[in-house]
Structures are given as C-alpha cells and as structure tokens.
Amino acid sequence: SIYYNKDKNAIRPSSPSIHHVVVGNSAAAISAIKAIRENDPESKITLISAEDCYAYSPVLQTYYLAGKISRSQVFLTDSNYYREFGVTLKLGGKVEDIDLQNSRVILANGDRISYDHLLIATGSSAKRLGVDGDLLPGVFTLKTLSDADNILSYLLFKKRIAIIGGGLIGLQAANALTGMQRHINLIVGSNQPLSQNVDGECSQFITDSIKNSGLSIRFDTRAVRITKDHKQLEIHLNTGESLAVDAAIVGKGIVPNAGLAKKAGIKVNRGIVVDPCMRTDSQNIYAAGDVAEGLNQTTGERQVVATWVNACAQGRAAGVNMSGGKVTYTGLNCNVCSILGKSVASVGVTKPSPDQHRSKTFTHPSGIFYRNIIFNENDEIAGAVMVDQVSDIGLIRNMIIKRVKVPDRLKDRIVRAPISYGLIYNCSVLQK
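Conventions we followed
- Starting afresh in each chain, residues are numbered from 1 along the sequence in its written order.
- Totals for whole chains, interfaces and linings use every residue, but because this is a predicted model, local features are given only for residues with pLDDT of at least 70 and side-chain atom pairs only at 80 or more, for both listing and counting.
- Heavy atoms throughout the structure, all of them, feed into the side-chain values; hydrogens and water do not.
- Only protein chains enter the area calculation, which uses a 1.4 Å probe; residues under 20% of their type maximum are buried, those over 50% are exposed, and those in between are partly exposed.
- Runs of E in the DSSP output that reach at least two residues are strands. Runs of H or I that reach at least four are helices, and both are numbered from the N terminus.
- Two strands qualify as a pair provided DSSP detects at least 2 bridges between them.
- Whether a crossover is right-handed comes down to one check: with the strands pointing away from the viewer, does the path from the first strand over the helix to the second run clockwise; if it does, it is right-handed.
- Interaxial angles span 0 to 180 degrees and are taken between N-to-C directions of axes, which are lines fitted to C-alpha atoms, for helices over the stretch in contact.
- By convention the crossing between two helices is left-handed if the near helix lies anticlockwise of the far one by an angle smaller than a right angle, and right-handed if it lies clockwise.
- Note on contacts: a residue pair is in contact if any heavy atoms of the two residues lie within 4.5 Å.
- The classification used treats Ala, Val, Leu, Ile, Met, Phe, Trp, Tyr, Cys and Pro as nonpolar, Asp, Glu, Lys and Arg as charged, and all other residues, Gly among them, as polar.
- By definition, a salt bridge exists where a carboxyl oxygen of Asp or Glu is found within 4 Å of a side-chain nitrogen of Lys or Arg.
- What makes a nonpolar core is a set of buried Ala, Val, Leu, Ile, Met, Phe, Trp, Tyr and Cys residues whose side-chain atoms join them at distances within 4.5 Å.
- Known as pLDDT, the predictor's per-residue confidence is scaled from 0 to 100.
- Here, patches come from residues exposed beyond 30% relative accessible area and free of salt bridges, joined within 9 Å for like charges and within 5 Å for nonpolar side chains (Val, Leu, Ile, Met, Phe, Trp, Tyr).
- Each accessible area is a Shrake-Rupley estimate made with a 1.4 Å probe; only the visible protein chains count as cover when residues are assessed.
- The charge count includes Lys and Arg as positive and Asp and Glu as negative, but it does not include His or the ends of the chains.
- Charge positions are represented by NZ for Lys, CZ for Arg, CG for Asp and CD for Glu.
- Points on a 1 Å grid, built from protein atoms alone, make a cavity when a 1.4 Å probe fits but cannot get out and make a pocket when they are open with protein on both sides within 12 Å along at least 5 of 7 lines; residues with an atom within 4 Å of a point are the lining residues.
- Grid points are joined across faces, edges and corners, and a volume is the space filled by probe spheres set on the points.

## So, the pairing of strand S13 (residues 183-187)
Counting buried positions along S13 yields four of five residues, so the element is predominantly enclosed. Pairing analysis gives five bridges linking strand S12 (residues 160-164) to S13, with the strands arranged parallel. The partner of Ile 161 across the bridge, within S13, is Ile 184. Crossover connection from S12 via helix H5 (residues 168-177) to parallel S13: handedness right-handed. With respect to chirality, the unit in which S13 leads through helix H6 (residues 200-212) into the neighbouring parallel strand S14 (residues 216-218) is right-handed.

If you want it as structure tokens, here you go:
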C-alpha cells in the first residue's frame, strides 16, 4: 500500500528491516535524520561521526571565540536528540572505506556496517596555505570545535595575530578576536575583502570598517613562508616584508571531505557529484552539505555551496528521498554576517556579467548603507549584495527561487529600501 507524508509525497510503508546509515554529524546529517523519521518511524538509523562529540554549529564558533557564548551553547544536539529520533550513535568512529559491492561501510576499528541507504555528509575541512611552516605551533585553521578550543587556549596571553585570508572565515575570525588590546594584521591575497562574495563598492564599506576598528590590512599580499624563532612566528610575504606575530589564523576557504567517496569510486569533481535528489552515481548512496556538488539555481552549473542553509536543505532532500519520498533541491549561495559593525549580505549572482544581467545600485547619501540588486534579462532578481540594510535578504532569496519578475517601475523602490511582502504580492499579480 502507499501512504503520504505531510508534504503530500507518496512513500512506501516503513520497515524495521530498512537500515539508513549516515556518515557525518552536522547540518546535513541532522536535517536528513529528521526528514527520514517524518516519513519512516520504524526503520533503523545509524549515525557515524569521526568527531567524538554531539553535533555543533560552525557558525557559532566565532561567537565562542569572542566570549559571547559558552562552549556548551555551540552544540545543537545532545543525547536526547538521538534518542528521540531512534538513532544508533557511533561517535569517534572514522569510516575508512565503502564496500559498494556488499553495501557496507568499513570503520577504522574494523567494524563493518551494512546499509540499505547511505548518506555521506562528511562536510569540509579548512584549506591550508601549503607553504613551509604551515603546520608550525601557533598556526591555526578555524573549522572544527577543536580548532576553536586550541585557538582560545593558545591566545590567552597573546597580543599580535596575523589572519591570512580576506574571505568569510578570515573576517569573522578578525571580528571575534578584535579587542583585548590585540594587534591584528589581515593579509589578503586579492585586492578587496570578500572577493568571492561581494562587489567592489560593498567591499569598500568593509575595508573602511576594518581600518576604523584599528586593524591593519594588506591587499594583494600572500604568505610565502612561515618560520619560528623561540615563541615568535615570522610571516614572510611575497612583497619581501615579514611580520613578527604571536599566532596566525589561516582563513583560505574550505575543501570538501570527498576522499571517502573518491576512494570507493563514486563520482567526485570538487565535491561528490549529486543530482537534485541528492543521489550520487552509486546506487542507494546520497551526499549532502559541504561535501556535495549539486546544481546552482541561478547559474545552472555544478557547485559546492558551503553554507548552513544549503546543508540543511540538501540534508532534508536526501532524507526524504532515502525514505521513499520524492523531492528535489538546487543550491543557492546566501550569506549573512556581521563584520566589525557592518551587516553584510549576499545571495545568488554577486558578480554580474554585462551581457546577461543589469544592476541597480543605491548608496545612501550619508553613506550609512549600500544595496545592489541584480536582475537577469527576464527582469527576475538574480542576486543581491547589501550592507546595513539587509533585513529582506530572506525575501530576496525567495523571489530568486520563485523567479518573480519585477517591473521597471518597482526596481528603484526595491533597491532603495527593504522589500515588503506587499511588494512581492504586487510583482506576482503583475506577472500573471
């Protein structure tokens, strides 16, 4: 017989003999577990995580570094969560291999666990510099909770810090560590901060905020070597200069943890290649989160979208499809963050091409906010970049997803002030 879940998706009857195995324990994994249980209350779920702790939020780690929340507040789950959803938990259990022929995973301790459906949600790792001295004591990345713990312990009485990288990780680390009489040097390889996320005018707002906060910043500068003399690190730069610091934090982006899939022969590009149902090219194996490379909604190209919202949505799609439902999902870049007193948001296309997009920009006369709304050739919003007037970023994201057309007479209104539900309704009515 067939029955339907709350999303009106036809699904098969649940069975205690079905075994879902989830490798990983963050946004995609916990979202998938919830979705499986909504469809299938009886099947067996086993979660395996290399980290020996409950699920936590990487997004909250900078708040922990800044002392704004306690370590315990970083965690998203506790033992009750896994008990409530009937999950067999294997923490500190690294999966070494996937035996595709026999549908089982092989752990480092030799355990073999069979699966009917497997979700790879192994996330990503921080990208290293790849230069001499990259692994010296005092050189850190910021991705895991252990990273945050180690940074806090090491920096207890340290004042001079280099942050290498001008992306989200680097700027959020700078945001967290500013104060307490610390001197922070930002080393940025490109000619602007957040070069992958925002346009030049938006980046100027961020640069001004960085300088006004007393931080030093160098553009078009790279670390080519790191040495250590006693307790002091020396960051050698491509400019011929060097910086003497107590510690360095590398924020150069992420690398999907796709090695497990690649070793098993599952198709991997930058991340594990998935279709809109989160299926890989191997039967009954799914991938979601930072490790997955799916279709980008605005470009139609394959991309790893390493955001919390995307990981949750992909995990949910994987869970529904693993448990007999049918949903699809295509990714969309969307970031909102606070950087040294400035709220910065970006979504969808942030670097428009002249032949495919038209931009409407507005800078408040007193310089207190900036908005750039990007439209495609069909008058649909394709993307946005904003500073300090970002409250409607969720609505803009929704308009991109629903491909809402905006008539010319409303475009100036949208770019000058946050969008309201009423305006979206007016656009939808006009579209009909």
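We are not done yet, so read on.
## Concerning the packing of helix H1 (residues 27-39) against helix H8 (residues 308-322)
In the contact formed by H1 and H8, the axes pass within 7 Å of each other and the chain directions differ by 35°. With respect to the hand of their crossing, H1 and H8 are arranged in right-handed fashion. Only Trp 308, Ala 311, Cys 312, Gly 315, Arg 316, Gly 319, Val 320 and Met 322 of H8 make contact with H1, whose side of the interface consists of Ala 27, Ala 28, Ser 31, Ala 32, Ala 35, Ile 36, Glu 38 and Asn 39. A per-class count over the contact of H1 with H8 returns ten nonpolar, four polar and two charged.

## What about the sheet that holds S14?
Spatially, the five strands line up as an open sheet ordered S11-S18-S12-S13-S14, and their pairing is parallel. Across the chains shown, the open sheet's two edge strands, defined by having one partner strand only, are strand S11 (139-141) and S14. Direction aside, the axes of adjacent strands within the sheet are offset by 20° on average.

## Some points on the sheet that holds strand S15 (residues 223-229)
Read from one edge of the open sheet, three strands run S15-S16-S17, paired in antiparallel fashion. The open sheet terminates on both sides in strands that have one partner only, identified here as S15 and strand S17 (242-245). Across the sheet, the axes of successive neighbouring strands diverge by a mean angle of 20°, strand direction being ignored. The pairing of strand S16 (residues 232-237) with S17 spans four bridges and is antiparallel. The residue of S17 that forms the bridge with Ile 235 is Leu 243.

## Details of unusual backbone geometry
Non-glycine residue Asp 379 carries a positive phi angle of around 65°. Take Asp 379: it is sitting in the loop between strand S27 (370-376) and strand S28 (381-387). With phi around 65°, Asp 388 is a residue other than glycine that occupies positive phi space. Within the secondary structure, Asp 388 sits in the loop between S28 and helix H9 (393-402). We classify Asp 388 as partly exposed; its relative accessible area is 27%.

## A closer look at the environment of Val 320
Structurally, the position occupied by Val 320 is in helix H8. The spacing of Val 320 and Ile 33 is 287 residues in sequence and 9.2 Å in space, taken between C-alpha atoms.

## Comments concerning the pairing of strand S24 (residues 334-339)
As paired strands, S24 and strand S25 (residues 342-348) are joined by six bridges and run antiparallel to one another. Bridging from a neighbouring strand, Asn 335 pairs with Ser 346 of S25. Remark: two residues form the turn of the hairpin made by S24 and S25, two consecutive strands paired antiparallel; Leu 340 in that turn has positive phi of roughly 50°.

## Regarding the pattern of salt bridges
Within this structure, the stated rule accounts for 14 salt bridges. Ionic pairing is found between Asp 99 and Arg 104, a salt bridge with its closest N-O pair at 2.9 Å. Arg 218 serves as the salt-bridge partner of Glu 241, at 3.9 Å between the closest nitrogen and oxygen. A residue pair is termed long-range when its members are at least 10 positions apart, and Glu 241 in the loop between S16 and S17 and Arg 218 in strand S14 qualify at 23 residues. Within the structure, one salt-bridge network assembled from shared partners comprises Arg 358, Asp 379, Asp 408 and Lys 411.

## Observations concerning the nonpolar core
Side chains of nonpolar character tend, in soluble globular proteins, to be buried together. Membership of the largest hydrophobic core comes to 47 residues, with the highest contact counts inside it found for Ile 98, Val 105, Leu 118, Leu 119 and Ile 120. The element best represented in this core is H1, accounting for seven residues. Apart from the residues lying within four places of it in its own chain, the contact partners of Ile 120 are Val 23, Ile 98, Ala 261, Ile 266, Ile 272, Ile 285, Tyr 286, Ala 287, Ala 288 and Val 291. Val 198, Ile 217, Ala 247 and Tyr 370 belong to the second largest nonpolar core, which has 39 residues in total.

## Some thoughts on the confidence of the model for the protein
Per-residue confidence for the protein averages 91 on the pLDDT scale, and 94% of its residues sit at or above 70. Note on residues 1-6: pLDDT is under 50 here. Beyond four places in sequence and across chains, it has 16 contacts.

## Some thoughts on a positive patch on the surface
There is a patch of like positive charges on the surface, built from Lys 127, Arg 222, Lys 252 and Arg 270. Following the sequence through the fold, Lys 127 ends up in the loop between strand S10 (124-126) and S11.

## Examining empty space enclosed by the protein
Taken as a whole and assessed by the stated rule, the structure comprises two cavities of 30 Å³ or more. A volume near 60 Å³ is recorded for the largest cavity. Taken together, 14 residues line the largest cavity, and the ones lying closest to its centre are Gly 294, Leu 295, Gln 314, Thr 330 and Gly 331. The residue inventory of the lining of the largest cavity, partitioned by class, reads six nonpolar, seven polar and one charged. In this structure, the second largest cavity occupies an estimated 40 Å³ of space. Lining the second largest cavity we find Leu 168, Leu 194, Asn 197, Val 198, Asn 335, Cys 337, Val 344, Ala 345 and Ser 346. Looking at the lining of the second largest cavity, the elements with two or more residues in it are S24 and S25. With three residues, S25 is the single largest residue contributor to the lining of the second largest cavity. Its residues assigned to classes, the lining of the second largest cavity comprises six nonpolar, three polar and no charged.

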